[in-house]
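Summary of structural features
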Amino acid sequence: MQQDPVTLSPSRHNRWYERILLNPTLGHLLSLGIILLGSQFLAYQAWIQNTNQGITLGLLAGCYLLTIYLSSNIAKYAGGRAVRYHLGTTLIAIAVVLAGVLLIRIGYSRSSLVIGIALLISLRALSVPINQRFRYLKLACIPSHH
């Protein structure tokens, strides 16, 4: 009795939506776009009208980039992909950006900053279950010739 060979897919994700949604670069760009455009259009229903709104979008972008940097560093450790760590790093990044705003006393748009922070927290909380659902640890045994 002959066994059929097992066909292995060279790609980790075969479905088109998995390839799009789980592409890290595209996911970060999409999240950043949602945060920036969402905060601006939900607050003002228009594109940038003054410098305070532009500064606020820059602050939100900096906050998101700091969040990604902190999350990628903590994800290297066991259990580092838990929701509490992602939200913790997000809150640290938000606190650093808000402390910088208050210390430097720069002008900003309060409504779009609050909406952007809410979008950032919700997107980070949503990204963890999606990543846990589709990204899983793969282990392999490598035979040795002794």
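Structural notes, computed from the coordinates.

What counts and how
- Residues numbered from 1 in each chain as written.
- Predicted model: local features only at pLDDT ≥ 70, side-chain atom pairs only at ≥ 80, totals over all residues.
- Heavy atoms only, no water.
- Axes fitted to C-alpha atoms, helices over the stretch in contact; angles between N-to-C directions.
- Helix = DSSP H or I, 4+ residues; strand = E, 2+ residues; numbered from the N terminus.
- Parallel < 35°, antiparallel > 145°, perpendicular 65-115°, else oblique.
- Left-handed = near helix turned anticlockwise from the far one by under 90°.
- Contact = heavy atoms within 4.5 Å.
- Nonpolar A, V, L, I, M, F, W, Y, C, P; charged D, E, K, R; others polar.
- Core = buried A, V, L, I, M, F, W, Y, C linked by side-chain atoms within 4.5 Å.
- Buried < 20%, exposed > 50% of the residue type's maximum accessible area, 1.4 Å probe, protein only.
- Polar contact = N/O pair within 3.5 Å; in protein donor to acceptor, adjacent residues only side chain to side chain.
- Expected span 1.5 Å × (residues − 1).
- Patch = residues over 30% accessible without salt bridge, like charges linked within 9 Å, V, L, I, M, F, W, Y side chains within 5 Å.
- Areas by Shrake-Rupley, 256 points an atom, 1.4 Å probe, with all protein chains shown as cover.
- Salt bridge = Lys/Arg side-chain N within 4 Å of Asp/Glu carboxyl O.

1. So, the packing of helix α3 (residues 51-74) against helix α4 (residues 83-104)
Two packed helices can be described by the angle between their axes and the distance between those axes. Where α3 contacts α4, the two axes come as close as 8 Å, and the packing angle between them is 140°. Relative to α4, α3 is oriented oblique. In this structure, the crossing between α3 and α4 has a hand that is right-handed. Side by side, α3 and α4 meet where Leu59, Cys63, Leu66, Thr67, Leu70, Ser71 and Ile74 of the first sit next to Tyr85, His86, Thr89, Thr90, Ile92, Ala93, Ile94, Val96, Val97 and Val101 of the second. Residue composition of the contact of α3 with α4, by class: 12 nonpolar, 5 polar and no charged.

2. Some details on the nonpolar core
Among the nonpolar cores identified, the biggest contains 19 residues, and Ile35, Leu36, Leu60, Cys63, Tyr64 and Leu120 are the most heavily contacted of them. Looking at this core, the elements that each hand over two or more residues are α2 (24-44), α3, α4 and α5 (110-134). No other element matches α3, which puts 7 residues into this core. Ignoring anything within four residues of it in the chain, the contact list for tyrosine 64 reads Gly27, His28, Ser31, Leu32, Ile35 and Leu120.

3. Thoughts on the side chain of serine 112
Tracing the sequence through the fold places serine 112 in helix α5. Given the relative accessible area of 0%, serine 112 is considered buried. At 3.0 Å, the side chain of serine 112 forms a polar contact with the side chain of serine 109. If we ignore the near neighbours within four places in the chain, the residues touching serine 112 are Ser39, Ala43, Tyr44, Thr56 and Leu60.

4. Looking at unusual backbone geometry
One non-glycine residue, glutamine 45, adopts positive backbone phi at about 50°. Here glutamine 45 lies in the loop between α2 and α3. Even without glycine at this site, arginine 105 takes up a positive phi of about 60°. Relative to the helices and strands, arginine 105 resides in the loop between α4 and α5.

5. Considering α2
Its 21 residues give α2 an end-to-end C-alpha distance of 30 Å, which sits within 8% of 30 Å, the value for a rise of 1.5 Å per residue. Among all positions of α2, only Ser31, Leu32, Ile35, Leu36, Gly38, Ser39, Gln40 and Ala43 are buried. Directly beyond the C-terminal end of α2, a positive phi value near 50° is found at glutamine 45.

6. Re the environment of threonine 67
Mapped onto the secondary structure, threonine 67 falls in helix α3. The exposure class of threonine 67 is buried, given its relative accessible area of 0%. Separated by 26 residues in sequence, threonine 67 and alanine 93 have C-alpha atoms that sit 5.5 Å apart. Filtering out sequence-adjacent residues up to four positions away, threonine 67 remains in contact with Thr89, Thr90, Ala93, Leu120 and Arg124. A distance of 2.8 Å separates the side chain of threonine 67 from the backbone oxygen of cysteine 63, its partner in a polar contact.

7. Considerations on a nonpolar patch on the surface
A grouping of Trp16, Tyr17, Ile20 and Leu26 is seen on the molecular surface, where their side chains present a nonpolar patch of about 440 Å² in accessible area. On the accessibility criterion, tyrosine 17 (35% relative accessible area) is partly exposed.

8. Description of the environment of phenylalanine 41
Position of phenylalanine 41 relative to the elements: it lies in helix α2. Relative accessible area serves as the criterion here: at 37%, phenylalanine 41 is assigned to the partly exposed category. Considering only alpha carbons, one finds phenylalanine 41 and isoleucine 115, 74 residues apart in sequence, at a separation of 9.9 Å. What phenylalanine 41 contacts, discounting residues up to four positions off in sequence, is Ala46 and Trp47.

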